[in-house]
Amino acid sequence: MRDARTYSGVWTRDAQVYVEGDPDVQADRSAWTTVAVLEVHPIGVAFRIGWRTEEFVPAEFYSVAAETMLGRMGMYVGDKGVWFVARPLDGRTEMTMVLVDRVKDTDPSYQCLPHY
């Protein structure tokens, strides 16, 4: 958990998890094939997903709410380690996020998950 201040001045507590990068991968995002399977709770709470590559810099977020399947989603992992951050849209709900697995994007057991 990390306290953060949103652009509108509201203090919120972000859920976050660190995922090691794959040094064998190119820096070009189109070449990434490793997916971090993340589980976010509580299920049903609208949130935005973001990322940052260094610990003490602001996270960059997608502009739309994230979609999950039973609380799980996939995030592509590149050549560097990355912090994935979940921020509730209501700014009040405490969320948790855990790394469930690291798989290739062709893994049939996770292909139906939303990927970002």
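Here we summarise the structure given alongside this text. From a predicted model like this one, the values you see are computed outputs, not experimental measurements. (Residues numbered from 1 in each chain as written. Predicted model: local features only at pLDDT ≥ 70, side-chain atom pairs only at ≥ 80, totals over all residues. Heavy atoms only, no water.)

Bringing the overall build of the protein chain into the picture now. Tallying secondary structure elements over the protein chain gives zero helices and eight strands in all. Here the C-alpha atoms of the protein chain give a radius of gyration of 14 Å, agreeing with the 13 Å that 2.2 N^0.38 yields for 116 residues. Each principal axis of the C-alpha atoms in the protein chain carries an extent, and together these give about 40 × 30 × 20 Å. Scored against the burial criterion, the 116 residues of the protein chain give a buried share of 41%. Of the roughly 6,800 Å² of accessible surface on the protein chain, a fraction of 52% belongs to carbon and sulfur atoms. Between the centroid of the 12 positive side chains of the protein chain and the centroid of its 17 negative side chains there is a distance of 7 Å. (Helix = DSSP H or I, 4+ residues; strand = E, 2+ residues; numbered from the N terminus. Rg over C-alpha atoms; globule rule 2.2 N^0.38 Å. Buried < 20%, exposed > 50% of the residue type's maximum accessible area, 1.4 Å probe, protein only. Areas by Shrake-Rupley, 256 points an atom, 1.4 Å probe, with all protein chains shown as cover. Lys, Arg positive; Asp, Glu negative; His and termini not counted. Charge placed at Lys NZ, Arg CZ, Asp CG, Glu CD.)

The subject of this paragraph is the pattern of salt bridges. Throughout the structure, instances matching the rule amount to two salt bridges. With a closest N to O distance of 2.7 Å, Glu39 and Arg72 form a salt bridge. With Glu39 in strand S3 (residues 34–41) and Arg72 in strand S6 (residues 72–77), this residue pair connects regions lying 33 residues apart in the sequence. (Salt bridge = Lys/Arg side-chain N within 4 Å of Asp/Glu carboxyl O.)

In this section: the layout of surface pockets. Roughly 230 Å³ of internal volume is contained in the largest pocket. Arg29, Trp32, Trp51, Tyr76 and Val82 are, among the 14 residues lining the largest pocket, the residues nearest its centre. Broken down by secondary-structure element, the contributors of at least two residues to the lining of the largest pocket are S6 and strand S7 (82–88). Residues of the lining of the largest pocket, tallied by class, amount to eight nonpolar, three polar and three charged. (1 Å grid on protein atoms, 1.4 Å probe; cavity = no way out; pocket = protein on both sides within 12 Å on 5 of 7 lines; lining within 4 Å. Points joined across faces, edges and corners; volume = space filled by probe spheres on them. Nonpolar A, V, L, I, M, F, W, Y, C, P; charged D, E, K, R; others polar.)

Once that is clear, we can look at the side chain of Asp14. Tracing the chain through its elements places Asp14 in strand S2 (residues 11–19). Residue classification places Asp14 among the buried positions, given a relative accessible area of 4%. A distance of 2.8 Å separates a polar atom in the side chain of Asp14 from a polar atom in the side chain of Arg87. (Polar contact = N/O pair within 3.5 Å; in protein donor to acceptor, adjacent residues only side chain to side chain.)

Once that is clear, we can look at the pairing of S3. Among the eight residues in S3, seven count as buried, and that is most of the element. Bridge count between S3 and S6: six bridges; the pairing is antiparallel. If you follow Val35 over to S6, its bridge partner there is Tyr76. Pairing of S3 with strand S8 (residues 96–104) involves eight bridges; the strand directions are antiparallel. (Pairing = 2+ DSSP bridges.)

A few words on the environment of Val85. Its location among the elements puts Val85 in strand S7. Those residues in contact with Val85, other than ones at most four positions away along the chain, are Asp14, Ala15, Gln16, Arg48, Ile49, Gly50, Arg52, Ala59, Phe61 and Met97. (Contact = heavy atoms within 4.5 Å.)

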